[in-house]
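What follows is the residue order along each chain.
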Number of protein chains: 2
Amino acid sequence: MRRIKLTIAYDGTNYCGFQVQPELPTIEGELNRALGELTGEHIEVIGASRTDSGVHAYGNVAVFDTASSIPADRFPLAIVSFLPEDIRVVESEEVPAEWHPRKCDCIKTYEYSFDCGRVEDPKQRLYTSFSRRVPDIGPMREAAAHLIGEHDFTSFANPSSQILKEGGSAVRNIYSIEIASQLRNESESFGPANTNVIIRITGNGFLYNMVRIIAGTLMNVGTGLWEPERVKTALDAHDRTKAGPTAEARGLTLVGINYNT
Amino acid sequence: MRRIKLTIAYDGTNYCGFQVQPELPTIEGELNRALGELTGEHIEVIGASRTDSGVHAYGNVAVFDTASSIPADRFPLAIVSFLPEDIRVVESEEVPAEWHPRKCDCIKTYEYSFDCGRVEDPKQRLYTSFSRRVPDIGPMREAAAHLIGEHDFTSFANPSSQILKEGGSAVRNIYSIEIASQLRNESESFGPANTNVIIRITGNGFLYNMVRIIAGTLMNVGTGLWEPERVKTALDAHDRTKAGPTAEARGLTLVGINYNT
């Protein structure tokens, strides 16, 4: 038996999240089925990140064990015909038999995208959250600075989080939050001249809905509803009701996971 | 009665093209229905460009006549609730009663996008055509130069074109063809490091499938299948069988229409 590590990209629009659920379309369910059909074995992948319903990925990670003779780097092409067109394996390699994608130190990178303008762009609607107000990213950056470093993020987690319910730690380390703003169709007289606002967050791990709550909270600051300092107050309160709203799933993409080992 | 000009953006994935067809989902059909529901009138829009099934737009144009009192610039917001989320009106204004979007001089701009790499990016699949080979854009630009200017484009038109069947002219004027190549995720270790190749074409009008045949033909050149000069030979032949394949609808977007009047 060999353990194979897969890097997986998907459009999460049509799935009830990564984690397998009976009778529902999930990324994990499709991977298990496709790998089973390809190898002739019963396959159950172990995923790194259980992304929510509607969330996308460029680089989620999963491993599985196989006795098949398919060379370790050939899975991206071998599996294409067995997967729906909104899921792709982009890389594959052999890892040690005991390597577990949720039990290794890693850096996760997420991106949250807003489409901001008078009318939403239909071609962006599946991968961004629409905002009629264009936020000011200066105050958003000021607010984001309060979240950098090791903190208890209870205020920025969905209280129904399994980890928190079981008494697990809400302490996480955010390494960086970059906020960029880009005017589309800038030099043209065509189409919706909307602005994309992209929040890119890296950290050693994220609680349930944490990136979406950070995005919704920073948007409160960017649109002038909140002063930047209120984010510090919310963080220190360790109380979900003190942070802003949970931004829509469709705007979130798990960009990738870098393992230190 | 006033004549209102609409600028329309849409994701064409789920539609059988712009032009209304009985029992089938079309952009025109949705506009007629939505405007009818909003105004309480029977509305039949006149569209500028009858984009094919699966083709997208940032800035197609249509006009309609109404006796409603809705201010001319308010249609983008007024109609939102009546349209499906993959169609949006982005601008509206009053035009003279005799103004017709297919009977005025204009410059049309189209973009054709390819997603090039080992494995396609699921988040780009609806708006690009996938190519496992990354084309060399130098020869593509050389080939494109032969198409600039006023020519008989019979070789680059679908022979079932209604205009050609009725003995209409195949002469069109292409003002520019810009070809750009962009490596995604360049500075990162994440996700599919694919290349987007974008062909942007402006002209005074285009025959049925003309942009898609130009895109497919230039791709033949970019991947080394054809020498650039063969595009000149194909153009001069006035014979559809001498040009390259018709690229997929999903990669095409009508960026906008600039009217000179």
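Structure: see above.
First, a word on what this report is: a plain description of the structure on this page.

Reading the values: rules and limits
- Residues numbered from 1 in each chain as written.
- Chains lettered and ligands numbered in written order.
- Predicted model: local features only at pLDDT ≥ 70, side-chain atom pairs only at ≥ 80, totals over all residues.
- Heavy atoms only, no water.
- Contact = heavy atoms within 4.5 Å.
- Buried area = accessible area lost by both parts, 1.4 Å probe.
- Salt bridge = Lys/Arg side-chain N within 4 Å of Asp/Glu carboxyl O.
- Polar contact = N/O pair within 3.5 Å; in protein donor to acceptor, adjacent residues only side chain to side chain.
- Helix = DSSP H or I, 4+ residues; strand = E, 2+ residues; numbered from the N terminus.
- Nonpolar A, V, L, I, M, F, W, Y, C, P; charged D, E, K, R; others polar.
- Buried < 20%, exposed > 50% of the residue type's maximum accessible area, 1.4 Å probe, protein only.
- Least-squares fit on C-alpha atoms with pLDDT ≥ 70 in both.

1. Examining the interface of chain B and chain A
Consideration 1: Listed per partner, the contact involves 38 residues of chain B and 38 residues of chain A.
Consideration 2: Approximately 3500 Å² of surface area, both sides summed, lies buried where chain B meets chain A, with 56% of it carried by carbon and sulfur atoms.
Consideration 3: Among the salt bridges present, the one from A:R250 reaches B:E85, with a minimum N-O distance of 3.7 Å.
Consideration 4: Counting every contact that joins chain B to chain A gives eight residue pairs in polar contact (both at pLDDT 80 or more).
Consideration 5: Among the secondary structure elements, those contributing two or more residues to the side of chain B that touches chain A are β1 (2–10), β3 (56–66), α2 (75–78), β4 (87–95) and β10 (252–259) of chain B.
Consideration 6: Tallied by class, residues from the side of chain B that touches chain A come to 16 nonpolar, seven polar and 15 charged.

2. Considerations on the pattern of salt bridges
Consideration 1: Evaluation of the coordinates by the stated rule reveals 30 salt bridges over all chains.
Consideration 2: With a closest N to O distance of 3.2 Å, A:E37 and A:R33 form a salt bridge. Of the two residues, A:E37 and A:R33 are both situated in helix α1 (residues 27–39); the distance of four residues between them amounts to about one turn of the helix.
Consideration 3: We classify A:R33 as partly exposed; its relative accessible area is 31%.
Consideration 4: Across the salt bridge formed by B:R212 and B:D52, the nearest N and O atoms sit 3.0 Å from each other.

3. Focus: the relation of the copies chain B and chain A
Consideration 1: With an RMSD of 0.0 Å, the fit of chain B onto chain A corresponds to turning through 180 degrees and sliding 0.0 Å along the axis. Each copy turns onto its partner about a two-fold axis.
Consideration 2: Both copies share a contact surface, since 100% of the interface residues of chain B are interface residues in chain A too.

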